[in-house]
Structure formats: structure tokens, C-alpha cells
Amino acid sequence: MFHKTKVNSITLHKGNMPRFPSEHLLFSVENSTGNLRMVRFEQSKDEPPYEDYCSALLLNDTPLVRTQSSGCPTCESLLAAGYGLPEDSGEIANALKALCRPYTELDDALKGLQPILGLLNPGLYILSYSEYFPTDGDGRFFWDVPEELTAFRATAELYDSENYRVLPCFPCFLYPSQPAQKYDPERVDYYRESIRAGKKLPPVLAYYIYGYMSVLLDGHHRTCACALEGAKVPCLTLAQPGRIWRNGVPYIVWPDGSETAAAELLSPKQQKLFDHQVAGELIKPLQTAVEHPVKLPSWSQEYADAAIRYPTCREAGCLALYPKIQLNEEGLLMLAYDEDYEEASTAASLLAYAVRQPETDAKGFAMKFTGLSTPEPLRRTAFEILDRIKDDPEIDELMIQVLVDCIRKDDPIYRIADRHWSPKT
């Protein structure tokens, strides 16, 4: 049926986040096979009722990733590894060859991806180009994940309870579809040499699922190389467009969160595809658990150290929220103090990110925010950063001074100072 698949480009949308540039192409797919799809599992009659629903991203009935979600956009979902890409998937192989060729626009990339697009369910999709971080959104290397169902913060939108808002949410973190046994350090070294030589890596390919998280379909070793070289990961992402109704009118929600009335973009035929798009068929649960009998690799400390440099999902949301704020003393204090902002907790998140950058003197930068006049969230974060630096006379003296001067022993700063010399547990 592949030769009958019809793919039509509809419109291009430029992302509106200066710190996270992106572009998105809305397109339609007709007469496709539906072999690459999200499915939901029926609940077994032997299981007690539960509110969460279980699903999986399947390719030719092979699970690439399994999920368990409540359906609440601000609640974390559970993810677990699948079997990996089928070795005999010719459509994937053909598309991956096309991705290695240079392209100038998303329309060109769309043509190269035709073999994969023929595997999708009929409907509307978005192909995006943006840069990802090679982590899970919580400071861990993206491929170093448990194989059992595990909660991931990056699968949810983040609610900022202090300011009563949801932080900007967009695809920028990755979950592996390939089992870790397929890791090949020689391939990683090859791509690292390419990065050092100034060569542009072909984009990896991902499928968006929830929140900030996408499943990496291809490009695991390129992503490893980017992590070790401190680079972002160039990525093409496939996603179903979000939808929202305002006063009874349907709107398309782009991956950067902006909205466009569907009637402004879609023909009646495309509108029908949008209205009847398959969200996830209901199937019987997998009969066997996913097993990987080969011993998993032990990831080197180099990967853990590399992952720490990248923002967490909360930090990414804060960076997107205030793209013009400079990550220096003046910028963070302005964000915390200025009446136009008064966002000390956001400034604290950006401070935590800034001190992890290789070019930043963590101690010197954090010391700038330890004064009594500094807003509490920013000051507390500064002390948490300093608490991780041991056997430093200047920091020891600062902590002693807090213990002497602080009247309230339940003060968060006092508790940080009090534990500074305690052995790690």
C-alpha cells in the first residue's frame, strides 16, 4: 500500500521562542498503513480497576516504548523501554538513508521521510526541526534509563504554583527506543570526531509523546556524541498536532504552544482528517514482558557529568519564559527584584542552571547571592550550591557565620549550614 500513500504539505510555522528556535511543517497523510502508531491497552479483567491508562508506541506491532499515564497534562507519566526498532524494517532503513543527505527546507526532509510517513495512521501531523538536549529532562543521560516503568518529570507540563501558571512546554528531551545493548563506542567516537571537525551531523529522528519528551527513533549514537561534546542534538520530530476549542472553534496547537484556527489552514477534506484522527486504538495487553537478556552496559561517569550541564525541564521552561534575561548577576537580580518581574523562584532556577556551565565559576557566582537582602528562593539556591563544595575555607566561614547569626533553627539557610559538614549518606 505504500505507493498509494498521499502526503501533502499544508503550511509552515516558525517557532516563537528566541532561545529555542524551531520550525514546524503541518502536513496530511492519507492511505497509509498505520504500522507506526500509539495504541492503548485494554485493562485485564483480573486486574483491579485503575484510573491510569497504558499505551505503547508500536512499529509493525513491536513496542518501541511503553507508557502509563493518568491523562492529566501536569501529572508525570511512566515510561519503559520496548524491544527497539525491528531489524527488518525496510521503510525505516530507506528513510534513514534519506536523512543523511543534506536538505535546505522541511519540505525536502518531508520527501525523504516518505517511507516512514507511509507507516503512520491517516491524519494530520507536524514535522519539526529543532535542537534537543541529550538527557531525560532531570539531569540524567538519556540512554541510561531503567527498563521497568518509571516516572519521568519531562512527560508533563510544569505548573508553577508560586505564580499560578504553566511554564512553556515544548519537545526538547529524549527517551531511547533502542535497548542499551546496541551501544557502540566506536560509532560515538566517529561522530565526536565529526563534531570536532566542524561537520554538521545529520538530524536524528524522534516521535513526540508527552510534555517535553519525545521517543528517539534513530540517532542514538549521534545523541551520545553530542552529549560528550556538550552540544545540542539536531532533531526532526514527528507529532500529532494538539487541538483546543475556543468558543466552539477548533484550533491547532503547534509544538511551541502557539495556536492557529484550524479553519484558517485546512481544506474541508483536511478538516475531516483532523476531526476523525485516530488517537489510539484499543488492543489487548502485551502477552509477554519485554526482556533484554544481555547484560546492560555500565555507563561511564563521563556521560553522567555531561548530562548535568544541560537544563532540566523546569529550567528549560524558565529559559523559554524569559529569553531576554542575561544569566549574570545583574540579570538574575533584575528578574528577582524588578517590579516588572518579581520572580525570585524563576531566578533561582536559572542560577542553578548557570552554575553548572563549564565556563562559570560556581562558587564565585553563587557567593554573589548570599546577602541577607537577596530574596529567599534565590539566596537558598545559592547556599545549596555552596553546600556541595567541601573543604573550602571561605564557604566554611560563611556557613559558620549563618549558624552564629541565624535565630531560627527552622530557617532553610540555617539547616543547609548545619548539615554542611555532615557526611554524605
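So, here's what we can say about the structure. (Residues numbered from 1 in each chain as written. Predicted model: local features only at pLDDT ≥ 70, side-chain atom pairs only at ≥ 80, totals over all residues. Heavy atoms only, no water.)

Quick look at helix 5 (residues 220-228)
An α-helical turn contains 3.6 residues, so any two residues separated by three or four positions project in the same direction. Of all nine residues in helix 5, nine are buried; the element is thus mostly enclosed. Within helix 5 the residues assigned to the buried category are His220, His221, Arg222, Thr223, Cys224, Ala225, Cys226, Ala227 and Leu228. (Buried < 20%, exposed > 50% of the residue type's maximum accessible area, 1.4 Å probe, protein only. Helix = DSSP H or I, 4+ residues; strand = E, 2+ residues; numbered from the N terminus.)

Things to note about the side chain of Asp218
Within the secondary structure layout, Asp218 lies in strand 13 (residues 213-218). A distance of 2.6 Å separates the side chain of Asp218 from the side chain of Arg222, its partner in a polar contact. (Polar contact = N/O pair within 3.5 Å; in protein donor to acceptor, adjacent residues only side chain to side chain.)

Section: the pairing of strand 12 (residues 204-210)
Within a regular strand, side chains alternate between the sheet's two faces. In terms of residue burial, strand 12 counts as a mostly covered element, since six of its seven residues are buried. Direction of pairing for strand 12 relative to strand 14 (residues 233-239): parallel, over a ladder of four bridges. Counterpart to Val204 in the pairing with strand 14 is Cys235. Sheet topology places strand 12 next to strand 13; five bridges connect them, and they run antiparallel. In the strand pairing of strand 13, Leu205 is matched with Asp218. If you look at the hairpin formed by strand 12 and strand 13, you'll find two residues sitting between the two strands, and Gly211 has a positive phi there, around 55 degrees. (Pairing = 2+ DSSP bridges.)

A closer look at unusual backbone geometry
For Asn31, which is not glycine, the phi torsion reads 60 degrees and is therefore positive. Looking at the element boundaries, Asn31 is found in the loop between strand 2 (23-30) and strand 3 (36-41). Residue Asn31 is classed as partly exposed on the basis of its relative accessible area of 39%. The backbone of Asn247 sits at a positive phi, close to 55 degrees, despite the residue not being glycine. Take Asn247: it is sitting in the loop between strand 15 (242-246) and strand 16 (249-253).

With respect to the sheet that holds strand 17 (residues 259-261)
The pairing of strands in a sheet happens through backbone hydrogen bonds and is either parallel or antiparallel. In spatial order, the strands read 15-16-17; together these three strands make up an open sheet with antiparallel pairing. Each end of this open sheet is capped by a strand with a single partner; those strands are strand 15 and strand 17. With direction set aside, neighbouring strand axes in the sheet form an average angle of 35 degrees. Sheet analysis places strand 16 next to strand 17, joined by three bridges and oriented antiparallel. Looking across to strand 17, one finds that Val253 is bridged to Glu259. (Axes fitted to C-alpha atoms, helices over the stretch in contact; angles between N-to-C directions.)

Section: the nonpolar core
In this structure, Phe27, Leu57, Leu127, Phe173, Tyr212 and Leu351 are the most contacted members of the largest nonpolar core, which totals 80 residues. Counting residues per element, this core draws most heavily on helix 11 (residues 344-354), which supplies seven residues. Other than its neighbours up to four places away in sequence, Leu127 contacts Glu23, His24, Leu25, Phe27, Leu106, Ala109, Leu110, Leu113, Leu236, Thr237 and Leu238. One finds Tyr132, Val204, Ala206 and Ala306 within the second-largest nonpolar core, a separate group that totals 23 residues. (Core = buried A, V, L, I, M, F, W, Y, C linked by side-chain atoms within 4.5 Å. Contact = heavy atoms within 4.5 Å.)

Here's the deal with the sheet that holds strand 7 (residues 123-132)
On the basis of which strands lie adjacent, the open sheet formed by seven strands has the order 1-2-7-14-12-13-11 and mixed pairing. Whereas interior strands pair on both sides, the edge strands pair on one side only; in this sheet they are strand 1 (6-14) and strand 11 (173-176). Strand-to-strand, the axes of this sheet are offset by a mean angle of 35 degrees, without reference to chain direction. As judged from the four bridges shared by strand 11 and strand 13, these two strands associate in the parallel manner. Each bridged residue has a counterpart across the sheet, and for Pro176 the counterpart in strand 13 is Leu216. The strands touched by helix 7 (residues 268-275) are strand 1, strand 2 and strand 7; relative to strand 2, the strand with the most contacts, the crossing angle is about 90 degrees.

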